[in-house]
Amino acid sequence: MNAPTATPHLLPETALRPVPQALIDALRERFGERCSTALAVREQHGRDEGSLKAPPPSAVLFAESAQDVAEAVRLAAQYDVPVIPYGAGSSLEGHLLAVQGGISIDVSRMNRMLRVDAEDLTVTVQPGITRKQLNEAIKDTGLFFPIDPGADASIGGMTATRASGTNAVRYGTMRENVLALEVVTAQGETLRTGTRARKSAAGYDLTRLMVGSEGTLGIITEITLRLYPLPEAVSAAICSFPSIEAAVRTVIQTIQLGVPIARVELIDSHTVRMVNAHSRLTLREEPLLLMEFHGSPAGVKEQAETVQDIAGEWGGNAFEWATTPEERTRLWTARHNAYFAAVQSRPGCRAISTDTCVPISRLADCLLDSVVEADASGIPYFLVGHVGDGNFHFGYLIDPDSAEERRVAEQLNHQLVARALSMGGTCTGEHGVGIHKMGFLLDEAGAGAVDMMRAVKLALDPKNILNPGKIFAL
């Protein structure tokens, strides 16, 4: 494996690139108070929800239009200064860290819905709008945007990291749901990729190239997305199991039978206990599945009955239904707050969060072996998973002042990823590579594929100013 577990590998050894005062002066002249060098603002934009740290950017620009972004990039390019896009700050793998210095371009003020085409089931938005804001804006159309990574992430950030989440088993990921983009290049030019048509055979698929590029190939300033009709009926259920294996086998059988379940989340007993304490719930402290079914009333009933029968075969019990929006919201809010519940369970800790994804047939093997290792380590952890598509997350709760606990947590992460890759899986199902998984990308893709990625990067960004030091080293 190419990702050593010692702490020094977590941040590449790259020197900070100088940010001339002339650039700061030019940004202030053009953008006035929207260019900030205040330490508190810079520090806010120099960290994400992960556990890695780096010096803050030298300045933060609050962009309000694609023209603002383009002009800022052109100025930065004149001085060979890095630019790091910033949306909601909810990423986990160091995507926002200014590891080579530079300026942060905050697009959170670019949060408008530009166009909704209900008849075509599409919407066009600016990158700073969050998924919750988007769904609130389109609620009167009878449509919704289903990609739900848990955090109220920005659509631009979700596009840049190829996010997915709880609904991916039915509705796919950002890869399947982004139709077209407007992007500012490393030269400060604005270009468009894709169209509102559902398919195209015209040339290279530049849209897919940008989706998941983590800000290293361009800064996204507009996104056209697929929308879906709100389901006629929605029902959620929880079911407890005697073991993680029983829960996972239930999921595997459900997927292999072709049941069109909309969401199916695994929560292990440790995490159930944390969620109960944080959200004041009384869930049985056993491994459980939190499921949701979408469709017609008859279809939802049939899906639910099929899954209930499968769960019964694996010892599932205490099936509880949540059919009202309030009950469903309460359960899913508790699930989305699992990260905060876990961190609260060990005051002062930091969570080293990692994810991977394997073919559904290998899910039980990968999960169970990883649980055995985590239990043996003595490090507190939480485990949740979008297990319907083979994706799961561990969070190791460490004392940030303990080098030994960090070493053990990184060793667990190393072993988990190695296991997933050996089973035909990926080093990250949805968090992205960022900094934390750069070595693992080499293991997964191979040197030839990573060299091809480098060639694309250098062709589009020869000065290496777009979020440098992420995904791979140049």
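The structure under discussion appears in the preceding block.
**A few points about the sheet that holds strand β1 (residues 35-36)**
Sheet strands pair via backbone hydrogen bonds, and the direction of the pair is either parallel or antiparallel. Spatially, the four strands line up as an open sheet ordered β1-β2-β4-β3, and their pairing is mixed. At either end of the open sheet lies a strand with only one pairing partner, and these are β1 and β3 (83-86). Pairing geometry for β1 and strand β2 (residues 59-62), over two bridges, is antiparallel. Within the sheet, the bridge partner assigned to cysteine 35 lies in β2 and is leucine 61. Taken strand by strand, helix α3 (residues 66-78) contacts β2, β3 and β4 (103-106), and its axis lies near 170 degrees from that of β4.

**A few points about the layout of surface pockets**
Empty pockets left among the atoms are what a rolling probe the size of a water molecule brings to light. The calculated volume of the second largest pocket comes to roughly 860 Å³. Lining of the second largest pocket is provided by 33 residues; of these, Arg162, Arg175, Val211, Gly212 and Thr428 occupy positions nearest its centre. When contributions to the lining of the second largest pocket are tallied by element, the ones reaching two or more residues are α7 (174-177), α8 (206-210), α16 (438-445) and α17 (447-460). Element by element, the count of residues in the lining of the second largest pocket is highest for α17, at three residues. The residue inventory of the lining of the second largest pocket, partitioned by class, reads twelve nonpolar, twelve polar and nine charged.

**A closer look at α16**
Residues of α16 that are buried include every one of Met438, Gly439, Phe440 and Leu441, and no others. Its buried side turned inward, α16 meets α15 (403-422) and α17. Remark: glycine 446 follows α16 within two positions and exhibits a positive phi of approximately 95 degrees.

**Points about the packing of aromatic side chains**
Tallying each qualifying case throughout the model produces nine aromatic pairs. Judged by centre distance (5.4 Å) and plane angle (90 degrees), the ring pair of tyrosine 339 and phenylalanine 340 falls under edge-to-face. A relative accessible area of 46% means that phenylalanine 340 is categorised as partly exposed. When the centroid spacing of 5.6 Å and the interplanar angle of 45 degrees are considered together, the rings of tyrosine 381 and phenylalanine 394 count as tilted. Taken together, the positions of tyrosine 381 in strand β17 (residues 381-386) and phenylalanine 394 in strand β18 (residues 391-398) put the pair 13 residues apart, joining distant regions of the chain. There is no split in this pair, since tyrosine 381 and phenylalanine 394 are both buried. Three or more aromatic residues link up through ring pairs in this structure, and these residues are Tyr381, Phe392, Phe394 and Tyr396.

Rules behind the numbers
- Residues numbered from 1 in each chain as written.
- Predicted model: local features only at pLDDT ≥ 70, side-chain atom pairs only at ≥ 80, totals over all residues.
- Heavy atoms only, no water.
- Pairing = 2+ DSSP bridges.
- Helix = DSSP H or I, 4+ residues; strand = E, 2+ residues; numbered from the N terminus.
- Contact = heavy atoms within 4.5 Å.
- Axes fitted to C-alpha atoms, helices over the stretch in contact; angles between N-to-C directions.
- 1 Å grid on protein atoms, 1.4 Å probe; cavity = no way out; pocket = protein on both sides within 12 Å on 5 of 7 lines; lining within 4 Å.
- Points joined across faces, edges and corners; volume = space filled by probe spheres on them.
- Nonpolar A, V, L, I, M, F, W, Y, C, P; charged D, E, K, R; others polar.
- Buried < 20%, exposed > 50% of the residue type's maximum accessible area, 1.4 Å probe, protein only.
- Phe/Tyr/Trp six-rings, centres within 6.5 Å; stacked < 30°, edge-to-face > 60°.

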